[in-house]
Amino acid sequence: MDKEQLVERYFENQLSEEEHKILQNYLDTDASFAEEFAFQKNVKQAIALNERAELKQKLQSFESSKSTKRWISKWSVAASIAVVLGIGYWFMSQSPDTNELYDQYYQSYPNVVAPTVRGENKTDLKSQAFYEYDSGNYQKAYELFSQLYAIDKDDYALFYSSLSLIELNKSQEAIALMDQFDLNKDNGFTPYFKWYKALSYLKVGEKEKATKLLQSLSENQNPQQEQAQKLLKELD
Amino acid sequence: MNESSVVIDLLKKNDEKTIRAVYNDNKNGFILFAKRYNLSHDDLIDVYQDAIIALIENAKKGKIDDLKSSVTTYLFGIGKFMIFQKLKKEGKTIAMDDFEKVEIVYDDYSEEETNLQVKLLQNGFKKLGEQCRKVLQLFYYEEKKLDEIQTLLGYTNKDVLKSQKSRCLKQLKELSK
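Residues numbered from 1 in each chain as written. Chains lettered and ligands numbered in written order. Predicted model: local features only at pLDDT ≥ 70, side-chain atom pairs only at ≥ 80, totals over all residues.

The subject of this paragraph is the overall build of chain A. The helix and strand tally for chain A stands at 12 helices and zero strands. Going residue by residue from the N terminus, the α and β elements of chain A occur as α-α-α-α-α-α-α-α-α-α-α-α. Counting all 236 residues of chain A, 29% fall into the buried class. Considering only residue pairs separated by 6 or more positions, chain A has 39% of its internal contacts joining residues 24 or more positions apart. (Helix = DSSP H or I, 4+ residues; strand = E, 2+ residues; numbered from the N terminus. Buried ≥ 20, exposed ≤ 12 C-beta atoms within 10 Å, placed from the backbone. Contact = placed C-beta atoms within 7 Å.)

Following this line, the structure appears as structure tokens:
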């Protein structure tokens, strides 16, 4: 195989280990070849950087077009609030519907535990459970996560099986399941358990229990602190 | 063909509507998950955008043709990896177990941005003719084999394509002086 072919196969990601060694040997002994090779590697980087810059610009434009929209809608919101105020002040003194608040604050929690990032053909239970969860098959996901939890008692399995129940609108069952997690334990899942438990309490109308959890979330720094404080204010 | 492969196929074609949909559908979920790492909102958006870029790049390279998980899961895997890189660069300590399962194939060229020849090549590339840009882009960026490029661009034989490619490289070298 000549030098040119080696380089070609290098960029095609086709080099065997043996060929890698041969290429390296050429690079070590032939300065002008090494220079040409370095040049092509730079070409590769330059093209990648150009492509990325172009895409980045596009994505940034998504953000800026959104903020103008938000700006406009702020005004329309302000206008409609004025109308509502005019029509009936009494309505404002009513406490907000907990169910409505639930809808407003609830957001599906993403799978952040088992990304099969290399496109490998993983068929173990865990990957399968997350696959179902990601695909929105929450009943199936719930069953698989429950199995996983039974096997190794990992917090993530408990967390995602609870979330699957929430997605299935089984808040009461989700609360019962989340009871198995000791909220005094302090790990990455604790604030999220508190948050989703509080929301589930709201969903079933147990405002006091929800408030208590939200208070503990709003007291010290954690990822859900701000949201908890906001929601608390609305519950007041 | 499952849902993921349809999306991946459209990403390969640079389909704007798909890119926008993937971007918007996953943004809130990503921010919600990533908040725990104490990065500012702007930083999070920045990382999220880079993760989307990596997703599209790897789709074009054919690296995720056999993806078994959803696109969302893959995207979050990349984002997680990038947050890890970022925190490491800033010298922040992080619980490793949070990240140990994350492994992706993506070249971070941030150091090369200060390489002068790369800078010159970036500008030079924009001045190349369209055909040359296509050939080089497919070969070096999308990592397509010469045989595939031959079919894609309709060259009658591989040698014609090869000499075209080396002509393009020469031109690019000239334009980047």
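This brings us to the overall build of chain B. Within chain B, the secondary structure is distributed over eight helices and zero strands. Overall, chain B shows an N-to-C arrangement of helices and strands of α-α-α-α-α-α-α-α. Contacts in chain B between residues far apart in sequence, at least 24 positions, make up 61% of those at least 6 positions apart.

Next up on the list: the nonpolar core. By size, the foremost hydrophobic cluster in this structure holds 38 residues, and its most contacted members are Phe145 and Ala198 of chain A. Residue assignment for this core shows that the elements contributing at least two residues are helix H6 (125–134), helix H7 (138–152), helix H8 (155–167), helix H9 (171–178), helix H10 (190–203), helix H11 (207–219) and helix H12 (225–235) of chain A. The contact partners of alanine 198 of chain A, leaving out residues within four places of it in the chain, are Ala210, Leu213 and Leu214 of chain A. Formed by 28 residues, the second largest nonpolar core is a distinct cluster that contains Leu11, Ile19, Ala34 and Phe76 of chain B. (Core = buried A, V, L, I, M, F, W, Y, C linked by C-beta atoms within 7 Å.)

Counting residues at the interface gives 51 residues for chain B and 40 residues for chain A. Of all the secondary-structure elements, those providing two or more residues to the side of chain B that touches chain A are helix H2 (16–34), helix H3 (41–60), helix H4 (71–89), helix H5 (116–127), helix H6 (130–141) and helix H8 (158–175) of chain B. The residue inventory of the side of chain B that touches chain A, partitioned by class, reads 26 nonpolar, 12 polar and 13 charged. (Nonpolar A, V, L, I, M, F, W, Y, C, P; charged D, E, K, R; others polar.)

With that settled, consider the environment of glutamate 12 of chain A. As for its placement among the helices and strands, glutamate 12 of chain A is situated in the loop between helix H1 (3–11) and helix H2 (17–29). Not counting residues within four places of it along the chain, the set of residues in contact with glutamate 12 of chain A comprises Glu143 and Lys145 of chain B.

With that out of the way, let us pick up H12 of chain A. Residues and elements named next belong to chain A. Among all positions of H12, only Gln227, Ala228 and Leu231 are buried. Take H12 and look down its axis: the buried residues cluster within an arc of 100°, on one side only. Buried residues belonging to H12 abut helix H5 (98–105), H10 and H11. (Arc of directions from axis to C-beta.)

Moving on, we come to the confidence of the model for chain B. Close reading of the predicted structure is inappropriate where its pLDDT is low. Put simply, chain B has an average pLDDT of 86, and 89% of its residues get 70 or more. Interface scoring of the predicted complex returns ipTM 0.89; its pTM is 0.61. (pLDDT = per-residue confidence, 0-100.)

Attention shifts here to the packing of H6 of chain B against helix H7 (residues 146–153) of chain B. All names here are of chain B. Contact pair H6 / H7: the axes reach a minimum separation of 10 Å and the direction vectors enclose 145°. When the axes of H6 and H7 are compared, the crossing they make is right-handed. Seen from H6, the contacting residues are Lys134, Val135, Leu138 and Phe139; seen from H7, they are Ile149, Leu152 and Leu153. Its residues assigned to classes, the contact of H6 with H7 comprises six nonpolar, no polar and one charged. (Axes fitted to C-alpha atoms, helices over the stretch in contact; angles between N-to-C directions. Left-handed = near helix turned anticlockwise from the far one by under 90°.)

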